[in-house]
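Examining the three-dimensional arrangement
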Amino acid sequence: MKNHLISIILGCMVMLCALAGCQSDESPEASVSVPPTNPTTNIPVESNAVQSDSVKSDYPKSVEEGILTRQDIQRIYYGPTETLLISTPDTLYWYDVSQNKILSQRPTDNWLKVAFYPVGNTLCAVVTVAVGESTGGSASSTDAETMCIFFDEKLQEIETVNLCNLGDNSDFIRCAAVSGNGGKIAYATQDKLYCYDRGSDTLDLVLDFSRENMENNYGLSSISSVSFASSADRILFCGNSFSLPLAEGQHSYMTYGGIYLDGAGLQNLPFQDFEAGSLVSSTGGYMIFEESMKSASGKVAVIDAEDMSQQVYSLGSVKEGTSGLFCSQGGTYYATEEVGTNSLTLRVYERATGQLACTHTFEDASAEYFYRTPSVYIIDNQKLCIVKLGGFNEISSKVVMFAL
C-alpha cells in the first residue's frame, strides 16, 4: 500500500513538471504596451509630441529640456512644417515640435515688424527696420524700410534683399511675401504691385492701381496683403475697392483677388454676405478672413485660391469672432476664442467643412494672463494645439497644450 501511494505521488510530480515545461515552451500571449497619458491633454507621456505635463511653473533651466516651458517667451511664429520660431528677449529659437528639439538659435533682432516665410526647409524673414539701422530701433512707417532676410539651416543670414532699393522705387512698402521656393518676392506700395525675381535680379511691375486706373482694375484702390498661390505663378491679394461707377462720397470696402505675374487675369472680387475685417491666413491654397468687428455676426470666410470661390461658415455664436481668429500651420483648421476674466474657451473648426472639431476650456487663477487675447498655434500633422498666454509688459508667459 505504501509503495502504491509513493507511486501515485511520484506520478503527480511528473505530471506537474510536464505541465510546467509545456507552459514555459509556449509563446506568451502578445501584450500591448499602452503609454500612460496625461489626463489633461490625452497626449501619451512618452510621445514625441510636446507634452503639456512638461509645462510647469518651475520650468527647467536648460532650454533643451523644453523651450516652451520658459516664462519669458514673447512671440511665437510658424516656421516650415512642424517647426516654430520662438522669440525671447535675447534669443530667437528654431524649434522642431515633433522632436521636441531646438534646431538652431540666434540673438534676437530688434526689428520693428517681422513675418516668417518657409523657403523649402529654411526660412526667410520679411522685416521692417528703421532707416539707416539693420537691426531696428524706433521709427515711424515713413522712416522705415522693408527687407527680406534669407537664412540657412543654422539661422545664419545668407542674403538680404532691401525692397526699397529695387529699381527706382522709393515708396513706402505696405506689404510683401515670398514664394515657397524663395525665388520670387511680391510687394505692394501705395499704388503699385511688383514682383522681384531673385534668380535673374529683375523687377517687374505687375499692376498699377493708382487712382487713374481704378476703373480698369474693378475699383481696386489699395492692397493691404499679398501672398503667392501654391503654383507661384499668381499673386493673391486683399485690399480696398470702390463701387463702379465712381461717385463722390462713397466709402471703400474690402475685396480679394489674384493676378498672374505677367499682369494678366486680374480678379478683384467682393465678399458675399460677409464684411471682411482682415486676412488672417493665406496657407495651403486658401485665404481665410475674419469678420469686421463693426458688423460681427459670427462668421468666417474661406477663399479657395484655385478658383477664387468663396465659402462663408457660421460660428457657434456672435461672440466667438470678437477675440480674433487663428489658423493652423497648414490651413487645415481655424480657431476662435472667448476670453473671460480667468478663463478661455477655444473652439477649433475644420477649414474644409466649417464643422466644429473640438472645444477646450481652461482656467487660471492669474487674471493677468487674459488681459490680452492669448495666441493660438495648431500643428496640423500632429493635431496639436499650442496656446500662449501672457508674455507682454511684466507679465510672464505660459504655454498650454492639448490634442485635437
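This text goes with the structure placed above it.
Remember, it's a predicted structure, so these values are computed and weren't measured experimentally.

1. Regarding the overall build of the chain
A count of helical and extended segments in the chain gives one helix and 27 strands. When burial is assessed residue by residue, the chain has 46% of its 404 residues classed as buried. Pairs at least 24 residues apart make up 40% of the contacts formed inside the chain by residues separated by at least 6 positions. When the accessible surface of the chain is split by element, carbon and sulfur atoms take 48% of a total near 20400 Å².

2. Let's talk about empty space enclosed by the protein
Summed over all chains, the structure comprises one cavity of 30 Å³ or more. Considered as a void within the structure, the largest cavity measures approximately 60 Å³ in volume. As for the largest cavity, its lining consists of Glu290, Glu291, Met293, Ala296, Gly298, Lys299, Val300, Leu315, Val318, Gly321, Gly324 and Leu325. Broken down by secondary-structure element, the contributors of at least two residues to the lining of the largest cavity are strand S18 (286-291) and strand S19 (299-304).

3. A word on the nonpolar core
One finds Cys148, Leu163, Val178, Leu193, Ile223 and Ile235 to be the most contacted residues of the largest nonpolar core, which totals 35 residues. When neighbours within four sequence positions are excluded, leucine 193 is seen to be in contact with Tyr187, Ala188, Asp204, Leu205, Val206, Leu207, Phe209, Ile223, Val226, Ile235 and Ile259. Core analysis: the next-biggest nonpolar cluster, separate from the first, contains 19 residues, Val376, Cys385, Leu389 and Ile395 among them.

4. Re the environment of valine 119
Relative to the assigned elements, valine 119 resides in strand S5 (residues 113-119). C-alpha separation for the pair valine 119 and phenylalanine 150, spaced 31 residues apart in sequence, amounts to 8.6 Å. Aside from chain neighbours lying at most four places away, what touches valine 119 is Cys124, Phe150, Val178, Ser179, Gly180, Asn181 and Gly182.

5. Comments concerning the environment of valine 318
For valine 318, the location among the structural elements is in the loop between strand S20 (309-314) and strand S21 (325-327). Overall, the relative accessible area of 43% leaves valine 318 in the partly exposed class. For the pair formed by valine 318 and lysine 299, sequence separation is 19 residues and the distance between their alpha carbons is 7.7 Å. Ignoring anything within four residues of it in the chain, the contact list for valine 318 reads Ala296, Ser297 and Gly298.

6. Topic: the layout of surface pockets
By volume, the second largest pocket amounts to about 210 Å³. Lining the second largest pocket, in full, are Asn240, Ser252, Tyr253, Met254, Pro270, Phe271, Phe274, Glu275, Ala276, Gly277, Ser292 and Lys294. Within the residue set of the lining of the second largest pocket, elements represented by two or more residues are strand S15 (253-260) and strand S17 (276-283). Along the lines of polarity and charge, the residues of the lining of the second largest pocket split into six nonpolar, four polar and two charged.

7. Here's the deal with unusual backbone geometry
Backbone torsion omega between leucine 244 and proline 245 reads 0 degrees, so that peptide bond is classified as cis. Its place among the elements puts proline 245 in the loop between strand S14 (234-241) and S15. Phi at glutamate 82 takes a positive value of approximately 65 degrees, unusual for a residue other than glycine. Note that glutamate 82 resides in the loop between strand S1 (75-78) and strand S2 (83-87). Backbone geometry at asparagine 393 places phi at a positive 50 degrees, although glycine is not the residue there. Examined against the element boundaries, asparagine 393 turns out to sit in the loop between strand S26 (384-392) and strand S27 (395-403).

The rules behind each value
Residues numbered from 1 in each chain as written. Predicted model: local features only at pLDDT ≥ 70, side-chain atom pairs only at ≥ 80, totals over all residues. Heavy atoms only, no water. Helix = DSSP H or I, 4+ residues; strand = E, 2+ residues; numbered from the N terminus. Buried < 20%, exposed > 50% of the residue type's maximum accessible area, 1.4 Å probe, protein only. Contact = heavy atoms within 4.5 Å. Areas by Shrake-Rupley, 256 points an atom, 1.4 Å probe, with all protein chains shown as cover. 1 Å grid on protein atoms, 1.4 Å probe; cavity = no way out; pocket = protein on both sides within 12 Å on 5 of 7 lines; lining within 4 Å. Points joined across faces, edges and corners; volume = space filled by probe spheres on them. Core = buried A, V, L, I, M, F, W, Y, C linked by side-chain atoms within 4.5 Å. Nonpolar A, V, L, I, M, F, W, Y, C, P; charged D, E, K, R; others polar.

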